[in-house]
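One-letter residues, chain by chain:
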Amino acid sequence: MEITDLEAVPVAADVKPLDEPGGLAPYVSSTGRVTTAERLLVRLETDTGVTGWGEILLELSPAATVAVVEEEIAPRVVGREVWEIEAVMDEFFYYYVDVDSLLGAVEMAMWDALGKHYDAPLHQLLGGKCADEVPVAYCVGILDPEQSREHARYALNEGYDVLKTKGGRDWETDVERLRAIHDEVDGQLELRVDANQGWSFEDAVRVGATLEDAGVYLQYLEQPTRIETYGTYERLRSRLRQPICVNDDTYFDHNLFNMVREDAVDVGVVDVAPSGIRGVERMAGVAADAGVSLAHHCGFDLGVKTAAMLHTVASTPAIGLASDTVYYAWDDHVVESPFTVSEGALSVPDGPGLGVTVDESRVADLRIDV
């Protein structure tokens, strides 16, 4: 089954406002505010009429991203067999440019097309699912303590076991917010905080130690400082009892291996895009051998990547912590049968490929004109 075309489709979709149930906008972190999220969909065509889809966050401009996919990646993918996933991904090497994140979406589309060709769900191609559902964490941005309390109560009532909040702008207000959340649910939710590299080393120590003194023990402190600071993470682990977690670091080859080798982290948060499904599986092997826990990241996934995450997590036992999601907060959808969070979990699709059908008319409505 030969790949005949590869198209990059940038889209923008709105996030539900905070005053609606499950709404998150504006979703505030140390790096910005989200009310509308931009995503890139990759549409892959084959000579048998099978279509595969991939998805990733838009970080460069839509025009620049489309140009890289369609002018650089597509000419080297079109004409290849759709099952040549490992070979195709391995052939992309540039001395000074990293396109791995965009390749993650292409790889996802190849897996989707391959599963459809064999009439098999992706999890079967990956070795078989170990569970029918994947537990997910309720994620909320930086809010004042009272708003955070409301979201914590909502998450608990909806059946979630884990809540993740953003941080990194001011360590003292981060601590105040986490204490309020913990108090509101009487410790019934496990808590994560993601600083998005926003704290200094000293502030990360202050956050962890102050929460320890208050009896608030986190599932993990995620990406507290700048990436690739292996020594910082190692020192944090020696100073705190709070588990130290990396996320952004895992998007670069060998970083997780190096941190595991230095005994610098307790948890890694991985992502099928940009790392690729096979890349996540490789990191899972490293983490499992080292006793490092794993969770899966979410970047406002519109449904295509959500499906890829569910297949990958369900078939990778080493990913043992709840996956992040904000899927419940979308105002718009690009899949015909949107996912529903039930009792803090998402069901793993059993349809062929990714198991979702993309609503191409809705994609056309949400498409960004470049």
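The structure contained in this document is the topic of the report that follows. Here, residues in each chain are numbered from 1, in the same order as that chain's written sequence. Two thresholds apply to this predicted model, a pLDDT of at least 70 for residue-level local features and 80 or more for giving and counting side-chain atom pairs, whereas whole-chain, interface and lining totals are computed over all residues. Note that water and hydrogens are dropped before the side-chain values are worked out from all heavy atoms of the structure.

Describing the packing of aromatic side chains
Turning to step 1, where the next piece is worked out: We call Phe, Tyr and Trp rings a pair once their centres come within 6.5 Å, taking the six-membered ring for Trp, and we label the pair stacked below 30 degrees between planes, edge-to-face above 60, and tilted otherwise. Evaluation of the coordinates by the stated rule reveals nine aromatic pairs.
Turning to step 2, where the next piece is worked out: Relative to tyrosine 328, the ring of tyrosine 160 lies with its centre 6.2 Å away and its plane at 70 degrees, an arrangement referred to as edge-to-face. With a gap of 168 residues between them, tyrosine 160 in the loop between α5 (145–157) and β7 (162–166) and tyrosine 328 in the loop between β13 (323–325) and β14 (345–347) connect regions that are remote in the sequence.
Turning to step 3, where the next piece is worked out: In this scheme, a residue with accessible area under 20% of its type's maximum is buried, one over 50% is exposed, and one in between is partly exposed, where area comes from a 1.4 Å probe on protein chains only. Accessibility expressed as a relative area gives 5% for tyrosine 160, which makes it buried.
Turning to step 4, where the next piece is worked out: Joined through ring pairs, the aromatic side chains of Tyr138, Tyr154, Tyr160 and Tyr328 make up one cluster.
Turning to step 5, where the next piece is worked out: The rule is short: NZ of Lys or CZ of Arg within 6 Å of the ring centre and within 35 degrees of the ring normal puts a charge over the ring. If you follow arginine 76 out to its NZ or CZ, it ends over the ring of phenylalanine 92, 4.3 Å from the centre. Only DSSP runs of H or I covering at least 4 residues are called helices, and only runs of E covering at least 2 are called strands; the numbering of each starts at the N terminus.

Some details on the side chain of threonine 65
Turning to step 1, where the next piece is worked out: Take threonine 65: it is sitting in helix α1 (residues 62–77).
Turning to step 2, where the next piece is worked out: The class for threonine 65 is buried, based on a relative accessible area of 4%.
Turning to step 3, where the next piece is worked out: Within 3.5 Å is the distance limit for a polar contact, defined as a pair of N or O atoms, with the added protein rule that one can donate a hydrogen and the other accept it, and that residues adjacent in sequence qualify only through two side-chain atoms. Only 2.9 Å separates the side chain of threonine 65 from the backbone oxygen of serine 61, close enough to count as a polar contact.
Turning to step 4, where the next piece is worked out: For threonine 65, the residues in contact, after removing those within four places along its chain, are Leu40, Leu58, Leu60 and Leu102. The contact criterion used is simple: two residues touch if any of their non-hydrogen atoms lie within 4.5 Å.

Considering the packing of helix α7 (residues 201–213) against helix α8 (residues 230–239)
To characterise two packed helices, one gives the angle between the axes of the helices and the distance between these axes.
Turning to step 1, where the next piece is worked out: With their axes 10 Å apart at the nearest point, α7 and α8 run at an angle of 30 degrees to one another. Taken together, the axes of α7 and α8 lie roughly parallel to each other. Note that α7 runs across α8; the crossing there is right-handed. For the pair formed by α7 and α8, the contact residues are Phe201, Ala204 and Val205 on the first element and Thr232, Arg235, Leu236 and Arg239 on the second. For every element, the axis is a line fit to its C-alpha atoms; helices are fit only across the contacting stretch, and the angle between N-to-C directions ranges from 0 to 180 degrees. Every angle not falling under 35 degrees, over 145, or within 65 to 115 is termed oblique; those three ranges are roughly parallel, roughly antiparallel and roughly perpendicular. Two helices crossing with the near one rotated counterclockwise from the far one by less than a right angle form a left-handed crossing, whereas a clockwise rotation gives a right-handed crossing.

Brief notes about the pattern of salt bridges
Turning to step 1, where the next piece is worked out: By definition here, a salt bridge exists when the distance from a side-chain nitrogen of Lys or Arg to a carboxyl oxygen of Asp or Glu is within 4 Å. One pass over the full model with this rule turns up 33 salt bridges.
Turning to step 2, where the next piece is worked out: For aspartate 324, the salt bridge is made with arginine 192, and the minimal N-O distance between the two is 2.6 Å. Taken together, the positions of aspartate 324 in strand β13 and arginine 192 in strand β8 (residues 190–194) put the pair 132 residues apart, joining distant regions of the chain. Arginine 192 matches aspartate 324 in its accessibility class, with the two residues each being buried.

Remarks on the pairing of strand β4 (residues 36–46)
Turning to step 1, where the next piece is worked out: With nine of 11 residues buried, β4 lies mostly within the body of the structure.
Turning to step 2, where the next piece is worked out: Two strands pair under a simple rule: DSSP has to find at least two bridges between them. Pairing analysis gives 11 bridges linking strand β1 (residues 3–14) to β4, with the strands arranged antiparallel. Its bridge partner lying in β4, valine 9 is registered against leucine 41.
Turning to step 3, where the next piece is worked out: Relative to strand β5 (residues 51–57), β4 runs antiparallel, the two sharing seven bridges. The partner of arginine 43 across the bridge, within β5, is tryptophan 53.
Turning to step 4, where the next piece is worked out: In sequence, β4 turns back onto β5 through a hairpin of four residues, with glycine 49 there showing a positive phi of about 90 degrees.

Describing the sheet that holds β4
Turning to step 1, where the next piece is worked out: Read across the open sheet, the three strands follow the order β1-β4-β5; overall the sheet is antiparallel. What marks the edges here is a single partner per strand, and that holds for β1 and β5. Across the sheet, the mean angle separating the axes of adjacent strands is 20 degrees when strand polarity is ignored.
Turning to step 2, where the next piece is worked out: Against the sheet, α1 engages β1 and β4, with an angle of about 160 degrees to β1.
Turning to step 3, where the next piece is worked out: Contacts from helix α12 (residues 304–314) reach β4 and β5 within the one sheet, and its direction differs from that of β5 by about 95 degrees.

Regarding the layout of surface pockets
Turning to step 1, where the next piece is worked out: Its volume calculated, the largest pocket comes out at about 1200 Å³.
Turning to step 2, where the next piece is worked out: A cavity here means a set of 1 Å grid points, computed over protein atoms only, where a 1.4 Å probe fits but cannot escape. A pocket is an open set with protein on both sides within 12 Å along at least 5 of 7 lines, and lining residues have an atom within 4 Å of a point. Around the largest pocket, the lining is made up of 43 residues, and of these Leu57, Glu59, Asp248, Tyr251 and His297 lie nearest the centre.
Turning to step 3, where the next piece is worked out: Along the lines of polarity and charge, the residues of the lining of the largest pocket split into 19 nonpolar, 10 polar and 14 charged.
Turning to step 4, where the next piece is worked out: Approximately 840 Å³ is the volume found for the second largest pocket.
Turning to step 5, where the next piece is worked out: Around the second largest pocket, the lining comprises 29 residues; the ones closest to its centre are Asp100, Asp253, Ser275, Gly279 and Arg282.
Turning to step 6, where the next piece is worked out: Taken together, the elements giving at least two residues each to the lining of the second largest pocket come down to α2 (85–90), α3 (100–118), α9 (255–261), α10 (272–275) and α11 (277–290).
Turning to step 7, where the next piece is worked out: Tallying contributions element by element places α11 first for the lining of the second largest pocket, with five residues.
Turning to step 8, where the next piece is worked out: Three categories are distinguished: nonpolar for Ala, Val, Leu, Ile, Met, Phe, Trp, Tyr, Cys and Pro, charged for Asp, Glu, Lys and Arg, and polar for the others, with Gly belonging to the last. Residue composition of the lining of the second largest pocket, grouped by class: 15 nonpolar, six polar and eight charged. Grid points are joined across faces, edges and corners, and a volume is the space filled by probe spheres set on the points.

Some thoughts on α7
Each α-helix turn comprises 3.6 residues. Residues three or four places apart therefore point the same way.
Turning to step 1, where the next piece is worked out: Expected helix span is computed as 1.5 Å times (number of residues minus one). In a regular helix each residue adds 1.5 Å, so 13 residues correspond to 18 Å; α7 covers 18 Å between its end C-alpha atoms and thus fits that length.
Turning to step 2, where the next piece is worked out: Each element contacted by the buried residues of α7 is listed here: α6 (171–184), β9 (220–222) and α8.
Turning to step 3, where the next piece is worked out: Looking one or two residues beyond α7, the residue adopting positive phi is glycine 215, at roughly 75 degrees.

A few points about the nonpolar core
Turning to step 1, where the next piece is worked out: Buried residues of nine kinds, namely Ala, Val, Leu, Ile, Met, Phe, Trp, Tyr and Cys, make up a nonpolar core once their side-chain atoms join them within 4.5 Å. Of all hydrophobic cores here, the largest spans 117 residues; its most connected members are Leu6, Leu24, Met110 and Leu163.
Turning to step 2, where the next piece is worked out: Excluding residues within four positions of it along the chain, methionine 110 makes contact with Ile3, Leu44, Glu81, Val82, Glu84, Ile85, Val88 and Met89.

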